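Per-entry structural report
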Amino acid sequence: MSDNDMLERRNVLRSIAAIGLFSAGTSGVEGNIAGNQSSDALASDEIQGVVPAPVTSTSTGSEYAITSDTAIHVESKAAAGVANYLAGILRPSTGNELPVVDAHGSGAEDSISLLLTGAPTTVGEEGYRLNVNAHGVTIRANEPPGLFAGVQTLRQLLPPTVESDTEQPGPWTVPGGHILDYPRFSYRGAHLDVARHFFSVDSVKQYIEYLAQYKMNHLHLHLTDDQGWRIEIESWPKLTEIGGSTEVGGGPGGYYTQSEYRELVEYAQDRFITVIPEIDMPGHTNAALASYAELNCDGEREDLYTGTSVGFSSLCVDKEITYEFIDDVIREVSEITPGPYIHIGGDEAHETSDEEYDEFMDRAVSIIEKHDKRPVGWHQILNADPPESTVAQYWYPGQEAPDVAEAARDGTELIASPASHAYIDMKYTENTELGLDWAGLTTVKDAYSWDPGRFLEDVDESAVKGPETALWSETLETLADIEFMLFPRMPAVAELGWSPESRTAWEEFRQRLATQGSRWDVQDVNYYESPLVAWP
Ligand code: ACM
């Protein structure tokens, strides 16, 4: 990274610190306490090792083994989709055929049954009940996302080698017991910046699969920024031809065609993950300004930008063509986005006055609504007093934000991404090669040690939709780089989003995390072996 990198962000954050918004929370201290495990931290009658921790679990001592006789039973087409996903994970490693069969009329012997009947209504749409006895496994849910969550749990109850894509010896035993499980927050998100560096369709699919594994249900794709425009807009083709042609450091960049984007959306949908596309504006727009002269106030194209400063670009607030441009972009993006949200950034708009920002955001938000989408913005969007339906994503590191708290009291819903805990592009320690450090160093314990429902002062948990990790890619170039920052911190935040507060003690979590490490070894995940965890 060059010397001026992040200077602007640091300056902004320094001024936040000066007015007392910084939390003292992030330590970046990773003393080696892995040998210091307390063996009685886990209650022995509970089913061990699942992340996120289930609401309740009881171990019964029996077990079921998946063998060549095992079938996957379903009673509906909706469940068959989840069953095929499960079979796709189990078949390569177990070498078993695991046929997906209609269970009507067949016995429950030797089966994994995925049923959309008989679950308690209290587990809602995403929860499930899982029972394992000597005859088989039964997962019951009210809706397919609940079955899918149950399948992710079952995956973790099997030996780690189940994650292999080649045949392994087994035996494929599942410990007997009962699990009742459902999420604390309806929103559990992860952001990925594909603008600073571009990542291939296959890399993003792998990212989605990792989110699914930890019961995350939203993917926020940061598609545009100063360094790159990554989504094809048919009515403005130069956005990708020119604006997509490079990235931080001057590499070749890239972009998703609309058909590739649809492919990602479908891949996510198959895993019950909603994609939220972000088109950042009015700042963070140099790639667009470099693509079309007419979007600039002076009518001249900007140069492409491959550095990492922020806060220097802006769409031309006073030009009518700016709003025609936004209308076209939002229309096209809305047409290929089945989810309810479009994120319009709104952060670090340092080149617009307060008055200009208000005027711009009023119009931008109405364009989103005109296309029947719900606007999401970084919390600065609240400065423009948007309609109450706008979701605000809090990202500063500190716990005090009176304006955000006031908006929350007035009915604005929040996504919690405090940079001190949920910005997983921060370095783990001073010696971490990848990542930034403007919000402090962030160990896996830091990522885990906050409460998304109670982070902001004077904000009630009912105003918080849930947590979201942010992964900015100024320093990240490959899927291996992404994995290094994601693991183990994404599973930490995923657990805060899913598990009841009473189940989220660090000492227990770090032991469960260690068992996940054996899975990541088999999956070839390039995770950071934090010395805070006793990895296998
Ligand atoms: C941000 O980190 N600028 C939202």
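Residues numbered from 1 in each chain as written. Predicted model: local features only at pLDDT ≥ 70, side-chain atom pairs only at ≥ 80, totals over all residues. Heavy atoms only, no water.

A packed helix pair is summarised by two numbers, namely the angle formed by the two axes and the spacing between the axes. Following both chains from N to C, one finds helix α4 (residues 201-213) and helix α6 (residues 258-269) inclined at 15°, their axes separated by 10 Å at the closest point. Regarding the angle of α4 to α6, the classification is roughly parallel. In this structure, α4 meets α6 at a crossing whose hand is right-handed. Two secondary-structure elements touch here, α4 through V201, V204, K205, I208 and E209 and α6 through E260, E263, L264, Y267 and A268. Class assignment for the residues of the contact of α4 with α6 results in 6 nonpolar, no polar and 4 charged. (Axes fitted to C-alpha atoms, helices over the stretch in contact; angles between N-to-C directions. Helix = DSSP H or I, 4+ residues; strand = E, 2+ residues; numbered from the N terminus. Parallel < 35°, antiparallel > 145°, perpendicular 65-115°, else oblique. Left-handed = near helix turned anticlockwise from the far one by under 90°. Contact = heavy atoms within 4.5 Å. Nonpolar A, V, L, I, M, F, W, Y, C, P; charged D, E, K, R; others polar.)

This part covers the sheet that holds strand β4 (residues 111-115). Across the sheet, 7 strands lie side by side as β1-β7-β5-β6-β4-β2-β3; this open sheet has mixed pairing. The sheet is open, and its two borders are formed by β1 (56-66) and β3 (100-102), each paired with just one other strand. Strand-to-strand, the axes of this sheet are offset by a mean angle of 25°, without reference to chain direction. Sheet analysis places strand β5 (residues 128-133) next to strand β6 (residues 136-140), joined by 5 bridges and oriented antiparallel. What sits directly across from R129, in β6, is R140. Seen against the sheet, helix α3 (residues 144-157) touches β4, β5, β6 and β7 (172-181) and runs at an angle of roughly 40° to β5. (Pairing = 2+ DSSP bridges.)

Our next topic: the nonpolar core. Grouped together as the largest cluster of nonpolar side chains are 152 residues, with contacts concentrated most on L114, V204, W229, Y256, F325, I344 and M490. Not counting residues up to four positions away in its chain, the partners in contact with I344 are I279, D280, M281, I330, M361, A364, V365, I368, V376 and I381. (Core = buried A, V, L, I, M, F, W, Y, C linked by side-chain atoms within 4.5 Å. Buried < 20%, exposed > 50% of the residue type's maximum accessible area, 1.4 Å probe, protein only.)

When pLDDT is averaged along the chain, the result is 92; 91% of the residues meet or exceed 70. Of all the helices and strands in the chain, helix α1 (residues 7-18) carries the lowest mean pLDDT, 40, while strand β9 (residues 218-222) carries the highest, 99. Overall, residues 1-29 carries pLDDT values under 50, and its contacts beyond four positions in sequence, including any with other chains, amount to 61 contacts. Scored below 50 in pLDDT, residues 31-43 makes 25 contacts in the model with residues more than four places away or belonging to other chains. (pLDDT = per-residue confidence, 0-100.)

Taken as a whole and judged by the stated rule, the model has 29 aromatic pairs. Relative to F487, the ring of Y210 has its centre 4.9 Å away and its plane inclined at 90°; by these criteria the two rings are edge-to-face. A residue pair is termed long-range when its members are at least 10 positions apart, and Y210 in helix α4 and F487 in the loop between α12 (479-486) and α13 (489-498) qualify at 277 residues. On the basis of relative accessibility, which here comes to 3%, the residue Y210 falls in the buried class. Since its relative accessible area comes to 0%, F487 is described here as buried. Relative to Y527, the ring of W520 lies with its centre 5.1 Å away and its plane at 65°, an arrangement referred to as edge-to-face. Exposure remark for W520: the relative accessible area of 0% places this residue in the buried category. A residue is classified by how much of its surface remains accessible, and Y527, at 7% relative accessible area, is buried. Grouped by ring-pair contacts, the aromatic residues Y210, Y214, F487, W520, Y527 and W535 constitute a single cluster. Of note, K215 hangs over the ring of W498, and the distance from its end group to the ring centre comes to 5.7 Å. Its guanidinium or amino end placed over the ring of Y428, R489 lies 3.7 Å from that ring's centre, counting from NZ or CZ. (Phe/Tyr/Trp six-rings, centres within 6.5 Å; stacked < 30°, edge-to-face > 60°. Lys NZ or Arg CZ within 6 Å of the ring centre and 35° of its normal.)

We now examine α13. Extensive coverage of α13 is indicated by the burial of 10 of its 10 residues. What α13 keeps buried is the set R489, M490, P491, A492, V493, A494, E495, L496, G497 and W498.

Glancing now at the state of the cysteines. Enumeration according to the criterion identifies 1 disulfide in this entry. Between the sulfur atoms of C297 and its disulfide partner C316 the distance amounts to 2.0 Å. Here the disulfide of C297 and C316 is right-handed, its torsion about the S-S bond being about 105°. Highlighted residues: C297 in the loop between α7 (286-291) and α8 (320-335) and C316 in the loop between α7 and α8, separated in sequence by 19 residues. With relative accessibility at 58%, the residue C297 sits in the exposed group. (Disulfide = S-S within 2.5 Å.)

As a further point, take a negative patch on the surface. Taken together, D318, D354, E355, D358, E359, D362, D385, E388, D403, E406 and D410 make up a surface patch of like negative charges. Secondary structure elements with two or more residues in the negative patch: α9 (354-370) and α10 (402-409). Take the negative patch: its biggest share by element is 5 residues, from α9. In this structure, D385 sits in the loop between β14 (374-378) and β15 (391-394). (Patch = residues over 30% accessible without salt bridge, like charges linked within 9 Å, V, L, I, M, F, W, Y side chains within 5 Å. Areas by Shrake-Rupley, 256 points an atom, 1.4 Å probe, with all protein chains shown as cover. Salt bridge = Lys/Arg side-chain N within 4 Å of Asp/Glu carboxyl O. Lys, Arg positive; Asp, Glu negative; His and termini not counted. Charge placed at Lys NZ, Arg CZ, Asp CG, Glu CD.)

One can find T94 in helix α2 (residues 77-94). T94 gets classed as buried once you look at its relative accessible area, which sits at 6%. Polar side-chain contacts of T94 include one of 2.7 Å to the backbone oxygen of L90. Non-local contacts of T94, meaning those with residues more than four positions away in its chain, are made with E167 and W172. (Polar contact = N/O pair within 3.5 Å; in protein donor to acceptor, adjacent residues only side chain to side chain.)

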